[in-house]
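Topology and contacts: notes
In case you want the letters, here they are:
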Amino acid sequence: MSIATKVFARGMATSAVRMAAIKNVTVIGGGLMGAGIAQVAAQTGHSVIIVDQTQEILKQSRASIEKSVSRVSKKKFKEDANAGMEFVKKTISRITINTNAEESVKEADLVIEAIVENLDVKKELFGRLDKVAKPSTIFASNTSSLPITDIASSVERRDKFGGLHFFNPVPVMKLVEIVDDHIKNKGGILKVAITQRTDLSAAPARQHYMSFLDEEKGRRSNKQRTQREKNVMDELQELRRKKRRIETDMDELLKSANSDDTYNSLMSFSEALGKTPVTCKDTPGFIVNRLLVPYLVEAVRLVERGDASPRDVDVAMKLGAGYPMGPFELLDYVGLDTTKFIMDGWHEKFPDNPLFNTSEKINKLVEEGKFGVKTGEGFYSYRK
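Note that the structure is a prediction, hence the values are computed from the model and not measured.

Focus: the overall build of the chain
Scanning the chain for helices and strands turns up 16 helices and 8 strands. When the 384 residues of the chain are sorted by exposure, 41% land in the buried category. Long-range pairs, those at least 24 residues apart, make up 69% of the contacts in the chain between residues at least 6 apart in sequence. Carbon together with sulfur atoms contributes 55% to the accessible area of the chain, which is approximately 20800 Å² in total.

Observations regarding helix α2 (residues 32–43)
Here α2 is 12 residues long and its end C-alpha atoms lie 17 Å apart, about the 16 Å a rise of 1.5 Å per residue gives. For α2, the buried fraction is high: 11 of the 12 residues fall into the buried class. When we look at burial in α2, the residues that qualify are Met-33, Gly-34, Ala-35, Gly-36, Ile-37, Ala-38, Gln-39, Val-40, Ala-41, Ala-42 and Gln-43. Following α2 by one or two positions, Gly-45 adopts a phi angle in the positive range, close to 90 degrees.

Focus on the packing of helix α12 (residues 288–304) against helix α14 (residues 327–334)
The geometry of α12 relative to α14 is characterised by a closest axis approach of 9 Å and an angle of 120 degrees between their N-to-C directions. For the element pair α12 / α14, the angle class is oblique. Crossing angle aside, the handedness with which α12 passes α14 is left-handed. Across from Leu-292, Tyr-295, Leu-296, Ala-299, Val-300 and Val-303 in α12, the residues of α14 making contact are Pro-327, Phe-328, Leu-330 and Leu-331. The residue makeup of the contact of α12 with α14, split by class, is 10 nonpolar, no polar and no charged.

Quick word on the nonpolar core
With 34 residues, the main nonpolar core has Val-48, Ile-65, Leu-110, Ile-112, Leu-164, Phe-166 and Phe-269 as its most contacted residues. When residues in this core are grouped by element, the largest group, 7 residues, is from α2. Setting aside chain neighbours within four positions, we find Leu-164 in contact with Leu-110, Ile-112, Ala-140, Ser-141, Asn-142, Val-176, Glu-177, Ile-178, Leu-266, Phe-269 and Ser-270.

Brief notes about the sheet that holds strand β8 (residues 276–280)
The sheet built from 8 strands is open, its strands ordered β3-β2-β1-β4-β5-β6-β7-β8 with mixed pairing. Strands at the two margins of the open sheet, each flanked by one partner only, are β3 (95–98) and β8. The average undirected angle you get between the axes of adjacent strands in this sheet is 25 degrees. In the sheet, strand β6 (residues 161–166) pairs with strand β7 (residues 175–179) via 4 bridges, with the strands oriented antiparallel. Counterpart to Gly-163 in the pairing with β7 is Val-179.

As for a positive patch on the surface
A grouping of Lys-67, Arg-71, Lys-74, Lys-75 and Lys-78 is seen on the molecular surface, where their side chains present a positively charged patch. Among the secondary structure elements, Lys-74 is positioned in helix α3 (residues 55–76). By relative accessible area, which is 63% here, Lys-74 ends up exposed.

Quick word on unusual backbone geometry
Peptide bonds are trans in most cases, and residues, glycine excluded, mostly fall at negative phi. A cis amide bond, omega 0 degrees, links Asn-168 with the succeeding residue Pro-169. The phi dihedral of Phe-286 falls on the positive side, at around 60 degrees, and the residue is not glycine. Its place among the elements puts Phe-286 in the loop between β8 and α12.

Details of the confidence of the model for the chain
Within the chain, residue pLDDT values average 85, and 79% of them lie at 70 or more. Throughout residues 1–19 the model reports pLDDT below 50, and contacts reaching past four residues in sequence, or to other chains, amount to 19 contacts. Between residues 182–203, whose pLDDT stays under 50, and residues either more than four places distant or in other chains, the model counts 38 contacts.

Quick notes on the packing of α14 against helix α15 (residues 336–349)
Where α14 contacts α15, the axes come no closer than 5 Å and their chain directions differ by 95 degrees. Judged by the inter-axis angle, α14 sits roughly perpendicular to α15. Two secondary-structure elements touch here, α14 through Leu-331, Asp-332 and Val-334 and α15 through Leu-336, Thr-338 and Thr-339.

Description of the pattern of salt bridges
When the charged atoms of two side chains lie near each other, side chains of opposite charge can form a pair. Tallying each qualifying case throughout the model produces 18 salt bridges. Among the ionic pairs, Glu-377 bridges to Arg-383, the shortest N-O distance being 3.9 Å. Taking relative accessible area as the criterion, Glu-377 reaches 23% and is therefore assigned partly exposed. The exposure class of Arg-383 is exposed, given its relative accessible area of 56%. Here the salt bridges do not stand alone but share partners, grouping Lys-364, Glu-368, Lys-370, Glu-377 and Arg-383 into one network.

Definitions and cut-offs
- Residues numbered from 1 in each chain as written.
- Predicted model: local features only at pLDDT ≥ 70, side-chain atom pairs only at ≥ 80, totals over all residues.
- Heavy atoms only, no water.
- Helix = DSSP H or I, 4+ residues; strand = E, 2+ residues; numbered from the N terminus.
- Buried < 20%, exposed > 50% of the residue type's maximum accessible area, 1.4 Å probe, protein only.
- Contact = heavy atoms within 4.5 Å.
- Areas by Shrake-Rupley, 256 points an atom, 1.4 Å probe, with all protein chains shown as cover.
- Expected span 1.5 Å × (residues − 1).
- Axes fitted to C-alpha atoms, helices over the stretch in contact; angles between N-to-C directions.
- Parallel < 35°, antiparallel > 145°, perpendicular 65-115°, else oblique.
- Left-handed = near helix turned anticlockwise from the far one by under 90°.
- Nonpolar A, V, L, I, M, F, W, Y, C, P; charged D, E, K, R; others polar.
- Core = buried A, V, L, I, M, F, W, Y, C linked by side-chain atoms within 4.5 Å.
- Pairing = 2+ DSSP bridges.
- Patch = residues over 30% accessible without salt bridge, like charges linked within 9 Å, V, L, I, M, F, W, Y side chains within 5 Å.
- Salt bridge = Lys/Arg side-chain N within 4 Å of Asp/Glu carboxyl O.
- Lys, Arg positive; Asp, Glu negative; His and termini not counted.
- Charge placed at Lys NZ, Arg CZ, Asp CG, Glu CD.
- pLDDT = per-residue confidence, 0-100.

Next up, the structure:
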């Protein structure tokens, strides 16, 4: 399918998506990211259920959301305090909390996972939810570093599984990365090619066979001709069998690719939240982290070589490149443990890529429990 055809097909599907708009959202994980996703969904009129392991975590999550929504309302309704209070009230009223994940997804149109970055834990979660969610429910992971196809391997609804990567802080950051691997369309092109190459109704196979028959006429005995014809037909039959095997494998591959309806639903949902969605294949780190994380670690390597200090690197990138934060400030804000986890995973999967080599300095700080802002110390000290 050409790019133009793909765009046209997706455009035609838009009306169907709107008819089945996402209304009920279940967010698995009440941490910083999960709470942020739940907040923006509730602010835009969606009914939201937040799921986590304990009521204590969920109450903290709900309290943090209320504070955040209050800040939003003060900016949004500067001249109308009553309207601001009503906005907060309605937003919070759309959020419920629950510790039972299976119960919370039964009526969901969309389930977004925002839990620990552990592949086995995510697969186990989705495997359980796949058995109880309604067939039309879309599953999405907010993972920032794990392959979507690996997470989706635990469910049957692979055509209704996608990546929906938000950025921290979710209420402020406008971007959402939608992971869409386009396997479905590439697979369709490949299937056509396979059919054309192995179909006897299309040359060169048929032409080769007919040419052989013409050459053999009158040259050999009937017995000899029969044996040669049988050999050629056996070759063509084997070609047909290979075609069927490849098509079967391709059908399985296509089954694992998210459908255009799923893609359009995730696009529409992201836009309904007031976000700007971008599309990316299922590549390590997607777009932002694939570029950002190696940049951050390269800044650390520069310091490890003794070329500059963290403070000077930060000042240089802020004043010289116009970045709002320097790489070391950002590393401390994101969490050195998080950066290490991402780099270790990429290095394990792609050991020959030098951009994914780990940093001894980051490893040492993580071993010492210095993760950055959240622990009070990383490359800088944040202790008061």
